[in-house]
Amino acid sequence: MQFNPRYNSLNPKLYHQQQPSPLRGAKAGHFNEALADELLWNADDKSNWVKICSGQKTFSDFPPLAMVYAGHQFGQWAGQLGDGRGLLIGQILNKHGETIDLHLKGAGSTPYSRMGDGRAVLRSVIREYLAGHALNVLGVASSHAVGFTTSTQGVQRETLELGAMLLRTSDCHIRLGHFEWINQYAPELLTEFTEKCIEWHYPKCLQSENPILAFAQSVIERTAIMIAKWQLVGFAHGVMNTDNLNITGSTLDFGPYGFMERFRPNWINNHSDYQGRYTYQNQPSIGHWNLWTWLNNLIPLAKPEQKEQFKLDLAKCLEQFEPAFLAHYGQGLCQKMGLPHFHKDSLDCSFAFLRILQTEQLDYTQSFIRLQDKQYKALRDDCLDIRQFDSFLQQYQTIREHQDTNELDTVMKQVNPQYILRNHMAQKAIEQAERGDFSEVDRLFKLLNQPYTRQLDLETEQDTAPLPSDVPEISVSCSS
């Protein structure tokens, strides 16, 4: 590994250095060798992956540290938070020369653990490992993971579960909540911290007339695009607190997430979300709210005589969120439909299709596959409101009539996955892993590695359909 330490050059108020606390009886879970190659792990690193991914081996080049940050959780100020069970154990260069964080999750308690035990359980580690892999392959910016380990040590949650650790990778672990903590507890650090964020993650902004405004615009745009991509693949994060969004617009902190199956935009995938704040349909507006909260923390960077104008400028930056989101989502939706984005009726037709999926409670992912494969009769047969479907299909075929459908169909196959990580798929892998069998984790990892291609040798019937309507959905909690 080629280390490029950066975060530990910041003021020590922003972190606490400590070694991880390994679990008893650590053993291999699953290893992502392709990602290890991308991170330039050598043969020695790979041979020691279990020790690295279980906290037994750290590096003198980067003493492990826990970050402190704050945040708004479910819309309410939560005060000081921080890495309560995770440690940044390294910052290294990948094969593209980009700096990547190595973050060990489940590494034991820190000064920021509050009432937590600092541990992670096998159930949540497997869900994060598979989801990060799935989103990355789907082209959605996300944290990833080199591997995870399990142990013989029990961790108490609702029941006694197996403890586990995950070595997460990300282009950035600096959250919107970092700025909230600094403004509340160490405002004297704001200028230097912001300058470093720009230098490390948005260096092109340094060439702008106002680097801070350019930085704000870039964070807003990347966040809008990330959420648009979530919507397109049917991903619901489940807990979009300000401490769970980072400044580079890459997905972070998998808790009670879910890939939507039957198209229900108001689906609550987090059973702790009693008000439905973080439903799929609310994600764009919550992203906007989080960014508005974050921008308020940049106001102190302005000189006193320029503060009012700076507020107006930041507000103008935020005005770009909606058009950025809509542009990316609209184009992506048309691609999924096989419709030309420039046609005046394409979006109207696309939304008509989504209304059918919602009304008829059809599977989001497989309905696009059926449309892609021109299985119009199969789609029609699943509808109770035949007139609604026939009206859509007439409009759809009229729009495509004078287009280069070969090109449109090619794009459809590139953007419509055959497979997503359905909750019951992950649950089966978890149940087998808890019995010491990681073969299902491995099968899903391979299946999700090529989501746009049918893999008849790997897939099962359960991989391409939601649970039967008479089978209760799997409920996912924040407990992990």
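Definitions and limits used
- Residues numbered from 1 in each chain as written.
- Predicted model: local features only at pLDDT ≥ 70, side-chain atom pairs only at ≥ 80, totals over all residues.
- Heavy atoms only, no water.
- UniProt positions renumbered as here; feature names shortened; annotations may be inferred.
- Axes fitted to C-alpha atoms, helices over the stretch in contact; angles between N-to-C directions.
- Helix = DSSP H or I, 4+ residues; strand = E, 2+ residues; numbered from the N terminus.
- Parallel < 35°, antiparallel > 145°, perpendicular 65-115°, else oblique.
- Left-handed = near helix turned anticlockwise from the far one by under 90°.
- Contact = heavy atoms within 4.5 Å.
- Nonpolar A, V, L, I, M, F, W, Y, C, P; charged D, E, K, R; others polar.
- Salt bridge = Lys/Arg side-chain N within 4 Å of Asp/Glu carboxyl O.
- Buried < 20%, exposed > 50% of the residue type's maximum accessible area, 1.4 Å probe, protein only.
- Polar contact = N/O pair within 3.5 Å; in protein donor to acceptor, adjacent residues only side chain to side chain.

- As named in an unreviewed UniProt entry, the protein chain is Protein nucleotidyltransferase YdiU, taken from Acinetobacter junii.
- Reading the Sequence similarities (unreviewed entry) entry of the UniProt record for the protein chain gives the comment "Belongs to the SELO family."
- The heading Function (unreviewed entry) in the UniProt record of the protein chain holds the text "Nucleotidyltransferase involved in the post-translational modification of proteins. It can catalyze the addition of adenosine monophosphate (AMP) or uridine monophosphate (UMP) to a protein, resulting in modifications known as AMPylation and UMPylation."

## A short note on the packing of helix α4 (residues 122-137) against helix α17 (residues 439-449)
Phase 1: Between α4 and α17, the shortest axis-to-axis distance is 9 Å and the interhelical angle comes to 15 degrees. Viewed along their axes, α4 and α17 adopt a mutual orientation that is roughly parallel. The element α4 and its partner α17 pack so that their crossing is right-handed. Every residue of α17 that contacts α4 at Ile126, Tyr129, Leu130, His133, Ala134 and Val137 is listed here: Val441, Leu444, Phe445, Leu448 and Asn449.
Phase 2: Per-class residue counts for the contact of α4 with α17 are 9 nonpolar, 2 polar and no charged.

## Quick look at the UniProt feature "active site" (unreviewed entry) in the protein chain
Phase 1: On the UniProt side, "active site" (unreviewed entry) is annotated at positions that read Asp243 here.
Phase 2: Within the secondary structure, aspartate 243 sits in the loop between β11 (235-236) and β12 (258-259).
Phase 3: The residues touching aspartate 243, leaving out its near neighbours within four places in the chain, are Tyr69, Ala70, Gly71, His72, Gln73, Leu81, Arg175, Gly177 and Asp253.

## Some remarks on the pattern of salt bridges
Phase 1: Counted by the stated rule, this structure contains 24 salt bridges.
Phase 2: Here aspartate 345 ties to lysine 344 by a salt bridge, and the two come within 3.0 Å at their closest N and O atoms.
Phase 3: On the basis of relative accessibility, which here comes to 71%, the residue lysine 344 falls in the exposed class.
Phase 4: Between aspartate 381 and lysine 377 there is a salt bridge, with its nearest N and O atoms 2.8 Å apart. Of this pair, aspartate 381 and lysine 377 both sit in helix α13 (residues 376-381), 4 residues apart, which is roughly one turn of that helix.
Phase 5: Taking relative accessible area as the criterion, lysine 377 reaches 59% and is therefore assigned exposed.
Phase 6: A single network of salt bridges, built from pairs that share partners, joins Asp83, Lys105, Glu128, Arg168, Arg175 and Asp253.

## Section: the UniProt feature "binding site: Mg(2+)" (unreviewed entry) in the protein chain
Phase 1: The positions that UniProt labels "binding site: Mg(2+)" (unreviewed entry) are, in the present scheme, Asn244 and Asp253.
Phase 2: For asparagine 244, a relative accessible area of 9% gives the class buried.
Phase 3: Residue contacts for asparagine 244: discarding those within four places in its chain leaves Arg175, His237, Val239, Leu252 and Asp253.
Phase 4: Checked against the element boundaries, aspartate 253 lands in the loop between β11 and β12.
Phase 5: Setting aside its immediate chain neighbours within four residues, aspartate 253 contacts Arg168, Arg175, His237, Asp243 and Asn244.
Phase 6: In terms of polar contacts, aspartate 253 uses its side chain to reach the side chain of arginine 175, at 2.4 Å.

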